[in-house]
Amino acid sequence: MVSNDSEPTRIPTRPPVAPAPVIGITTYLEQAQTGVWDVRASFLPKAYIDAVTDAGGIAVLLPPQPADADIARAVLGTLDGLIVSGGADVDPARYGQARHDRTGAPRTDRDEWEDRLLTTAIELELPFLGICRGAQMLNVALGGTLVQHLPDIVGSEAYQPGPAQFGETSATVEPDSRLAAVLGETAAPLPIHVYHHQALDEVADGLRVTARTDDGVIEAVELETVPFGIGVQWHPEENAADRRLFAGLVDAARAHRAERSATASTERNTP
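Caption draft 1: The arrangement of helix α4 (residues 133-141) in detail. In terms of burial, α4 is a largely internal element, eight of the nine residues being buried. Within the span of α4, buried status applies to R133, G134, A135, Q136, M137, L138, N139 and V140. In the stretch just after α4, G143 is the one whose phi turns positive, near 110°.

In structure tokens, the structure reads:
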């Protein structure tokens with residue numbers, strides 16, 4: 001057979017691969033030293049970024065900044081999921097209490113920023129995960145309160161043994177919770193890394209407690225009115241061998257993006 005050299009070579013086409021979900025992570029704003037510089041800077045431990053990328057997401061940092069509802073909507077409109085990270089104590093004035101001697105100095109810029117992001121994420125049903133301070137911020141944003149110094153209640157420093165030293169304990173997860181579904185197993189207590197001297201006290205309306213330690217400390221809550229809204233008091237990013245929570249968030253973020261794209265396509269094609 002004589003070949004036709006003018007006929008172009010046909011390359012098999014492949015379906016387009018959807019990009020990984022984009023997950024925003026709130027950051028600290030601290031005085032930081034690097035090289036010759038000693039300046040205020042956005043800061044986040046790399047463990048958070050690794051946890052997102054290990055789970056198949058793309059991490060984007062969200063430093064504290066002035067924001068109103070419109071700005072929060074603009075920021076979250078570019079994301080598929082949100083993580084509110086750990087950090088400094090929430091200002092007790094936000095939940096109507098005077099400051100305990102052991103409560104850290106207020107970080108009102110971060111409090112306001114994360115409150116806006118959380119309440120807007122709930123409005124948009126954007127999947128979110130609160131970690132340590134993030135779980136506390138979720139509770140306060142929805143009207144709950146905090147125990148300002150947990151050793152006053154439990155009688156020990158077990159939940160924050162020392163500077164930069166994580167405590168190790170376990171929590172019992174409610175078997176019919178979204179958290180249990182994400183983890184995939186709840187029969188045995190879940191080993192966790194903890195670093196908090198505060199804890200949830202009065203739980204906000206709409207939040208369900210889904211994990212506690214043996215001494216009754218709340219370690220997880222979830223908002224059942226949204227597809228994925230979980231707050232954990234422990235630090236799952238510190239366990240590189242267990243990325244289930246982050247994989248759950250990334251999966252929910254992927255589903256949220258697909259639903260949002262389908263809705264936008266329908267609206268474009270509707271006369």
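Caption draft 2: Highlighting the packing of aromatic side chains. Considering all chains together, one arrives at two aromatic pairs under this definition. Judged by centre distance (5.2 Å) and plane angle (70°), the ring pair of Y28 and F43 falls under edge-to-face. Pair noted here: Y28 is in strand β2 (residues 28-34) and F43 is in strand β3 (residues 37-43), with a separation of 15 residues, a long-range link. A centroid spacing of 5.6 Å and a plane angle of 55° characterise the contact between F166 and Y195, whose relative ring orientation is tilted. One end of the pair, F166, is in the loop between α5 (151-154) and β8 (167-173); the other, Y195, is in the loop between β9 (190-194) and β10 (199-200), with 29 residues separating them in the sequence. Among the residues examined, F166 registers a relative accessible area of 29% and is labelled partly exposed. A relative accessible area of 25% places Y195 in the partly exposed class. Of note, R110 hangs over the ring of Y28, and the distance from its end group to the ring centre comes to 5.0 Å.

Caption draft 3: Just the sheet that holds strand β5 (residues 81-84), in detail. Taking strand neighbours across the sheet as the criterion, the nine strands line up as β4-β1-β5-β6-β13-β12-β11-β8-β9 in an open arrangement whose pairing is mixed. The open sheet is flanked by β4 (58-62) and β9, the only strands paired with a single partner. Sheet twist, expressed as the average angle between the axes of neighbouring strands with direction ignored, equals 30°. Bridge count between strand β1 (residues 22-26) and β4: five bridges; the pairing is parallel. By the bridge assignment, I25 is partnered in β4 with L61. Each of β5, β6 (128-131), β11 (207-212), β12 (218-223) and β13 (229-232) touches α4; the most contacted strand, β6, lies at about 110° to it.

Scoring rules and cut-offs
- Residues numbered from 1 in each chain as written.
- Predicted model: local features only at pLDDT ≥ 70, side-chain atom pairs only at ≥ 80, totals over all residues.
- Heavy atoms only, no water.
- Buried < 20%, exposed > 50% of the residue type's maximum accessible area, 1.4 Å probe, protein only.
- Helix = DSSP H or I, 4+ residues; strand = E, 2+ residues; numbered from the N terminus.
- Phe/Tyr/Trp six-rings, centres within 6.5 Å; stacked < 30°, edge-to-face > 60°.
- Lys NZ or Arg CZ within 6 Å of the ring centre and 35° of its normal.
- Pairing = 2+ DSSP bridges.
- Axes fitted to C-alpha atoms, helices over the stretch in contact; angles between N-to-C directions.
- Contact = heavy atoms within 4.5 Å.

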